[in-house]
Amino acid sequence: MVSPSVVPYIFLLLFVGCSARPLYPLPGRRNDRNKQPLQTFRAYNIAHRGSNGEIPEETAAAYMRAIEEGTDFIETDILASKDGALICFHDVTLDDTTDITNHKEFANRKRTYEVQGVNTTGFFLVDFTLDELKLLRVKQRYPFRDQQYNGEFSIITFDEFISIALDAHRVVGIYPEIKNPVFINQQVKWPGGKRFEDKFVETLKKYGYRGSYMSKQWLKQPAFIQSFAPTSLIYISNQTDLPKIFLIDDVDMPTQDTNQSYWEITSDSYLDFIKEYVVGIGPWKDNIIPVSSNYLQIPSDLVARAHAHNLQVHPYTFRNENKFLHFNFSEDPYNEYDYWINKIGVDGLFTDFTGSLHHYQEWTNPFASGEKEATRLLHKIELMLSKFKYFN
């Protein structure tokens, strides 16, 4: 049943609709009080590169699908083009997830660079301008996923990504990563000696993203800033009070900027140090709990120690396919979600299948039914009103 408190608003909206005189911008960037707020009572559903289990990663369509499916945050990796535009793309090379090889005009652009200590050959994003990158089309990374959308969608910019979140009918957070900052700062130069991190924060500020975790401003436009590079997170701490997440790579991968080992950056002394700059960590889930013969072993104490240092834990990456599900879960992603949320006690999950996680959470820990029903009704009315573009 719809809450009595929303009835006056429904009548008001109907009156406005009949007169075709909207009282606030429609659709999308309307007054925040008309948006369903971010849920904060259960683990965050973080759409890893959008709903990329269904649609090619980091595309507008993947992010809009994730919002439709109920994600709390849309996550992206930020890199930079040759001319300094900030781009949503995961790899420093274009080879695996675009149709770059179909563009004969770019055949001579293949290069070899050292990236995180490894000589890597391919078509590097930093060797293309934004206009050139916009000519490419994105494809699905994994051959066992739906291929029907290959070639349909273009690479998007950081600005376009933010607009998708701000235009959503409810409050949707963003979760951008400062990706490969050492490499980007080596290859891309901005006027005035600005760094990649400076341009990253400038973009967030331009769209009004600010505020410490759970502050009034943050709840209006939620954002987490993430990076595998601790020096980048420390550097921007003087520029923005937005909450930051320190990503933790595999056990054999040192940090790209400080060359510190996994064991060093997960020690109590380091957690005590980094908590001055971040609100949480984002480890690979198989490092939290070791795996042998596709079975989870005894969990480490990393989550408990992080919580003892008042740090959230947002592990990555949860995927529905059997090849990614350990035998403990009987090939059932709901069993995996249940284990990590209710037994391990994580605070957020990076997932390729936002719809699955949302359905699981609504099944086990739903919004108040009346609030949800009222919000849906208001959204339907708003969609009706959005058809009226002009005043009489």
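Per chain, residues are indexed from 1 in the order of the written sequence. With the structure being a predicted model, the display of local features is reserved for residues of pLDDT at least 70 and the display and counting of side-chain atom pairs for 80 or more, all residues being used for whole-chain, interface and lining totals. Excluded from the side-chain calculation are hydrogens and water; included are all heavy atoms of the structure.

**Q** Can you help me understand the overall build of the chain in this one?
**A** The way it works is that DSSP assigns letters per residue, a run of H or I at least four long becomes a helix, a run of E at least two long becomes a strand, and they are numbered from the N terminus. Looking only at helices and strands, one finds 15 helices and 14 strands in the chain. Residues classed as buried in the chain amount to 54% of the 392 residues present. Expressed as a percentage of contacts within the chain between residues at least 6 apart in sequence, the contacts between residues at least 24 apart total 70%. Only carbon and sulfur atoms are counted for the fraction: they give 53% of the accessible area of the chain, which is about 17700 Å². Exposed residues in this analysis have more than 50% of their type's maximum accessible area, buried residues have under 20%, and partly exposed residues fall in between, with area computed by a 1.4 Å probe over protein chains only. Note on contacts: a residue pair qualifies if any of its non-hydrogen atoms lie within 4.5 Å across the two residues. Accessibility throughout is a Shrake-Rupley quantity obtained with a 1.4 Å probe, and a residue counts as covered only by protein chains that appear here.

**Q** Can you walk me through the packing of aromatic side chains in this structure?
**A** How two aromatic rings sit relative to each other is given by the distance of their centres and the angle of their planes. By convention, a stacked pair of Phe, Tyr or Trp rings (six-membered ring in the case of Trp) has centres within 6.5 Å and planes under 30 degrees apart, an edge-to-face pair has planes over 60 apart, and any other such pair is tilted. On inspection of all chains with the given rule, the structure shows 39 aromatic pairs. Between Tyr 213 and Trp 218, the aromatic rings sit 4.8 Å apart at their centres with planes inclined by 65°, giving edge-to-face as the arrangement. On the basis of relative accessibility, which here comes to 0%, the residue Trp 218 falls in the buried class. Taking the centre distance of 5.5 Å and the plane angle of 55° together, the rings of Tyr 270 and Phe 273 count as tilted. Linking Tyr 270 with Phe 273, this pair stays in helix 10 (residues 268–274), spanning three residues, or about one helical turn. Through a chain of ring-to-ring contacts, the aromatic side chains of Tyr 44, Phe 73, Tyr 175, Tyr 213, Trp 218, Phe 224, Phe 228, Trp 284, Tyr 316 and Phe 350 assemble into a single cluster. Consider the ring centre and the ring normal. A charge sits over the ring if Lys NZ or Arg CZ is within 6 Å of that centre and within 35 degrees of that normal. Sitting over the face of the ring of Trp 284, Lys 285 holds its NZ or CZ atom 5.9 Å from the ring centroid. Between the NZ or CZ atom of Arg 319 and the centre of the ring of Phe 324, over which it lies, the distance is 5.1 Å.

**Q** Can you help me understand helix 6 (residues 196–206) in this one?
**A** In an α-helix, one full turn covers 3.6 residues, which means residues spaced three or four apart are oriented alike. For helix 6, the complete set of buried residues consists of Phe 196, Glu 197, Asp 198, Phe 200, Val 201, Thr 203 and Leu 204. Directly after helix 6, the chain includes Gly 208, whose backbone phi takes a positive value near 85°.

**Q** Can you help me understand the pattern of salt bridges in this one?
**A** Where charged atoms from two side chains of opposite charge come close, those side chains can pair. What makes a salt bridge here is a side-chain nitrogen of Lys or Arg within 4 Å of a carboxyl oxygen of Asp or Glu, nothing more. For the structure on display, the rule yields 22 salt bridges. The closest approach of N and O atoms between Glu 202 and Lys 194, which form a salt bridge, is 2.5 Å. Glu 202 gets classed as partly exposed once you look at its relative accessible area, which sits at 31%. Lys 343 serves as the salt-bridge partner of Asp 338, at 4.0 Å between the closest nitrogen and oxygen. Residue classification places Asp 338 among the partly exposed residues on the basis of a relative accessible area of 26%. Each of Arg 49, Glu 57, Asp 91 and Arg 141 takes part in salt bridges that share partners, so that together they form one network.

**Q** Is there a simple way to think about the environment of Thr 120 in this case?
**A** With respect to the secondary-structure elements, Thr 120 resides in strand 5 (residues 118–122). Residue class for Thr 120 comes out partly exposed when judged on its relative accessible area of 23%. On a C-alpha basis, the gap between Thr 120 and Thr 93 in space is 8.8 Å, while along the polypeptide they are 27 residues apart. Beyond its immediate sequence surroundings of up to four residues, Thr 120 is in contact with Thr 93, Arg 111, Thr 112, Tyr 113 and Val 115.

**Q** Help me out: how do you make sense of the nonpolar core in this one?
**A** For soluble globular proteins, nonpolar side chains are generally found buried alongside one another. Ranked by size, the top nonpolar core spans 95 residues in total, and within it Ile 74, Leu 94 and Trp 340 carry the most contacts. For this core, the leading source of residues is helix 4 (residues 158–166), giving six residues. We define the nonpolar core as a collection of buried residues of types Ala, Val, Leu, Ile, Met, Phe, Trp, Tyr and Cys that are connected through side-chain atoms lying within 4.5 Å of one another.

**Q** Any chance you could explain the side chain of Asp 91 here in plain terms?
**A** Mapped onto the secondary structure, Asp 91 falls in the loop between strand 3 (86–88) and strand 4 (111–115). Here a polar contact is recorded for every N or O atom pair within 3.5 Å, except that within protein the pair must consist of a potential hydrogen donor and a potential acceptor, and residues adjacent in sequence are included only if both atoms are side-chain atoms. Polar side-chain contacts of Asp 91 include one of 2.5 Å to the side chain of His 90.

**Q** Which parts of the structure should I look at to understand the side chain of Asp 77?
**A** Note on placement: Asp 77 falls in strand 2 (residues 73–80). Among the residues examined, Asp 77 registers a relative accessible area of 1% and is labelled buried. Other than its neighbours up to four places away in sequence, Asp 77 contacts Arg 49, Glu 58, Ile 87, Cys 88, Phe 89, His 90, Glu 177 and Lys 179.

**Q** I tried to follow helix 13 (residues 333–344) on my own but got confused; where do I start?
**A** Between the first and last residue of a helix there are one fewer steps than residues, each counted as 1.5 Å, and that sum is the expected span. Between its first and last C-alpha, helix 13 extends 15 Å over twelve residues, near the 16 Å set by a 1.5 Å rise per residue. Every buried residue of helix 13 is listed here: Pro 333, Glu 336, Tyr 337, Tyr 339, Trp 340, Ile 341 and Ile 344. On its buried face, helix 13 is in contact with helix 11 (285–288), strand 12 (295–296), helix 12 (302–308), strand 14 (348–351) and helix 14 (354–364). A positive backbone phi angle near 80° is found at Gly 345, which sits one or two residues after helix 13.

**Q** Which parts of the structure should I look at to understand the pairing of strand 4?
**A** On a regular strand, each side chain points to the face opposite its neighbour's, so the side chains alternate between the two faces of the sheet. Pairing of strand 4 with strand 5 involves five bridges; the strand directions are antiparallel. By the bridge assignment for strand 5, Arg 111 is matched with Gly 122. Linkage of strand 4 to strand 5, two consecutive antiparallel strands, is achieved through a turn of two residues, within which Gln 116 is found at a positive phi near 50°. Think of it this way: DSSP has to see at least two bridges between two strands before they count as a pair.

Limitation: the analysis is restricted to geometry and does not speak to function.
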